[in-house]
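As a plain string of letters, each chain reads:
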Amino acid sequence: MKASIAKLVEQAIAEVPALAEAPEVASISTTVERTRDSRHGDFATNVAMRLAKAAGTNPREIAQQIIDKLPASDLVADVQIAGPGFINFHLSDTAFHSELAAILVAGTAYGRKPTRDAPKILLEFVSANPTGPLHVGHGRHASYGATLGNLLEADGYTVDREYYVNDAGRQMDILGVSVLLRAMESAGESIEFPEAGYKGDYIAEIAATLDSDVSGIDAATLFANVPDDDKEAQIGGLIENAEQLLGVEAFHALRRQSLQSILEDIQGDLAEFGVTFDRWFSEQSLTDDNLIDDALAVLEERRMLYRKDGATWFRATDFGDEKDRVVVRDNGKKTYFASDIAYHYGKRERGFDHLIDVLGSDHHGYVARVQAGLEAMGYAGDSLEVELVQFVTLYRGGEKMQMSTRSGEFVTLRQLRDEVGNDAARFFYVMRSNDQHLDFDLELAKSRSNDNPVYYIQYAHARVASVFRQLAEKSLDFDEANGISNFGLLKEAHERALMTSLSRYPEIIELAATNRAPQHLVHYLRDLANELHSYYNAHQFIVDDGALRDARLALISATRNVIAGGLAIIGVSAPDSM
């Protein structure tokens with residue numbers, strides 16, 4: 001509807017002589033918005049006020065000239081000038097009836113746009129280090145990223161979803177030695193576990209499944225010449241000794257087995273949560289496939305690197321970063337930043353036009369430097385977009401929960417899902433903007449009450465299904481075509497309010513996708529459910545008049561379609577009974 005009204009206005013502007021002759025008019029876009037007060041119409045535009053200067057006359061005169069040139073349309077019942085020059089549109093009953101019919105035809109696909117040719121989007125999210133199970137914070141990343149991907153696809157974009165597996169570097173060595181230590185404990189060795197090691201029961205569980213035989217390694221030998229006054233030096237010494245005692249290949253095999261065990265747990269956890277990926281990209285492949293060297297070669301060829309103090313530096317300040325960045329240290333080892341820019345360069349080389357990374361809020365300094373790397377390699381810096389996700393705090397009965405302990409135990413995503421269910425978890429995680437801290441109320445998420453928004457929305461869907469069950473129990477049939485032809489009987493205020501709310505759905509999809517803001521869809525579904533519940537409580541649907549009955553059933557059937565479609569985007573089920 002919104003696009004149709006905007007098109008009418010643009011056609012009218014093209015026919016106004018004073019505007020057609022003004023060159024500035026071409027740069028002034030036509031903006032049409034929903035009105036806040038239905039007494040002022042359904043849509044309004046301020047375009048006349050923005051065109052007044054170009055036309056050399058006052059806004060109300062321009063507004064009248066635009067109205068005079070509006071093409072005839074059965075969507076519009078009335079047009080008025082308001083205030084200093086707003087043009088207010090009152091939609092016709094036909095407009096709402098046509099939209100209702102469109103919902104019934106499209107089903108849960110209503111509101112989805114045709115697939116665009118470009119841009120092709122690569123969405124990377126979660127990407128938690130595979131050194132332990134996913135915790136509740138990762139769950140927010142998963143729910144936000146998955147919902148954002150669904151929104152973008154509903155808005156017509158082609159989206160690939162990717163998980164970046166951090167399977168290279170020091171954290172993998174720490175994981176390996178942590179598992180080794182637990183395996184030695186289970187073999188009877190007395191171990192004072194290092195502070196920098198990975199703790200938690202899952203490490204012992206992995207150790208119990210090891211293929212490697214560690215029975216020949218004793219604690220005294222492993223801890224020989226290892227400092228105990230610096231936790232980083234201690235863990236480094238343990239890694240070095242473990243490689244010598246086991247052999248580099250055997251230690252790496254232990255690492256790989258530990259990684260695979262955790263990665264399988266992460267993959268299973270996310271799949272059960274309804275979150276899947278097109279690709280699990282290995283950080284180690286950047287080295288194995290020479291992707292880092294390739295990216296650095298491009299920078300070298302474009303004269304974006306220089307040497308200082310034995311290290312190789314990237315001229316990041318040439319592209320707006322606060323300082324230049326080391327890409328190769330003086331010891332010849334490549335930095336994490338070199339991996340980052342190589343990874344994103346590779347994304348563009350794989351044919352993706354726009355890159356969206358969903359990262360933790362502590363990555364705010366990451367954006368400029370990676371954008372600088374892309375720009376230096378010949379791609380637009382703003383082809384990388386980073387959405388930051390804030391922290392989650394759990395509450396039970398109004399009391400803040402302890403999220404982790406010194407032993408390394410923490411509240412996992414699986415524990416949260418087991419307690420509140422996937423639906424509540426997916427929904428609650430996206431109720432607030434990703435850049436705001438989230439307080440997750442466990443008791444509210446589990447409650448079967450109208451205070452629980454996911455229950456309230458699902459109950460609206462189930463209520464519609466119950467009406468159709470009652471219809472069958474009365475041996476009555478629903479004639480959808482008869483309902484559509486009798487939409488003119490829907491005269492009640494609740495019916496008009498529900499039709500208006502339904503017609504907003506495509507706009508909400510576009511708004512939520514454009515702003516990367518799933519909470520807009522959440523709030524919309526809550527409002528739509530409220531309209532349905534109000535209608536249900538005020539009127540009978542299964543009435544004696546067959547024409548009115550079918551019209552009302554068609555209206556609530558359309559409502560069910562939109563609720564189910566919206567919940568599916570969020571990753572929440574739409575039950576027929578509760």
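Check the entry above for the structure.
Computed from a predicted structure; not experimentally measured. (Residues numbered from 1 in each chain as written. Predicted model: local features only at pLDDT ≥ 70, side-chain atom pairs only at ≥ 80, totals over all residues. Heavy atoms only, no water.)

A word on a negative patch on the surface. On the surface, E192, D228, D229 and D230 cluster together to form a negatively charged patch. Tracing the backbone shows D230 in the loop between α9 (219–222) and α10 (231–246). (Patch = residues over 30% accessible without salt bridge, like charges linked within 9 Å, V, L, I, M, F, W, Y side chains within 5 Å. Areas by Shrake-Rupley, 256 points an atom, 1.4 Å probe, with all protein chains shown as cover. Salt bridge = Lys/Arg side-chain N within 4 Å of Asp/Glu carboxyl O. Lys, Arg positive; Asp, Glu negative; His and termini not counted. Charge placed at Lys NZ, Arg CZ, Asp CG, Glu CD. Helix = DSSP H or I, 4+ residues; strand = E, 2+ residues; numbered from the N terminus.)

Along the chain, the position of D42 falls in the loop between β1 (32–34) and β2 (43–45). Residues D42 and T500, 458 residues apart in the sequence, show an inter-C-alpha distance of 8.6 Å. Once residues within four sequence positions are removed from consideration, D42 is found in contact with E33, R34, T35, F89, H90, L91, F96 and R496. One polar contact links the side chain of D42 to the main-chain amide nitrogen of L91, over a distance of 2.7 Å. (Contact = heavy atoms within 4.5 Å. Polar contact = N/O pair within 3.5 Å; in protein donor to acceptor, adjacent residues only side chain to side chain.)

With that out of the way, let us pick up the nonpolar core. In this structure, I66, Y429, F440 and L521 are the most contacted members of the largest nonpolar core, which totals 143 residues. Residue contributions to this core peak at 11 residues, all from helix α24 (residues 546–570). Excluding anything up to four places from it in sequence, I66 contacts V9, A12, I13, V16, L19, V47, A48, L51 and I87. Grouped together as the second largest cluster of nonpolar side chains are 34 residues, M304, F337, A342 and Y345 included. (Core = buried A, V, L, I, M, F, W, Y, C linked by side-chain atoms within 4.5 Å. Buried < 20%, exposed > 50% of the residue type's maximum accessible area, 1.4 Å probe, protein only.)

With that settled, the discussion passes to the environment of N486. Assignment of secondary structure puts N486 in the loop between α20 (480–485) and α21 (493–503). Remark: the alpha-carbon pair of N486 and A445, spanning 41 residues in sequence, is separated by 40 Å. Apart from residues lying up to four places away in sequence, N486 is in contact with A547 and A551.

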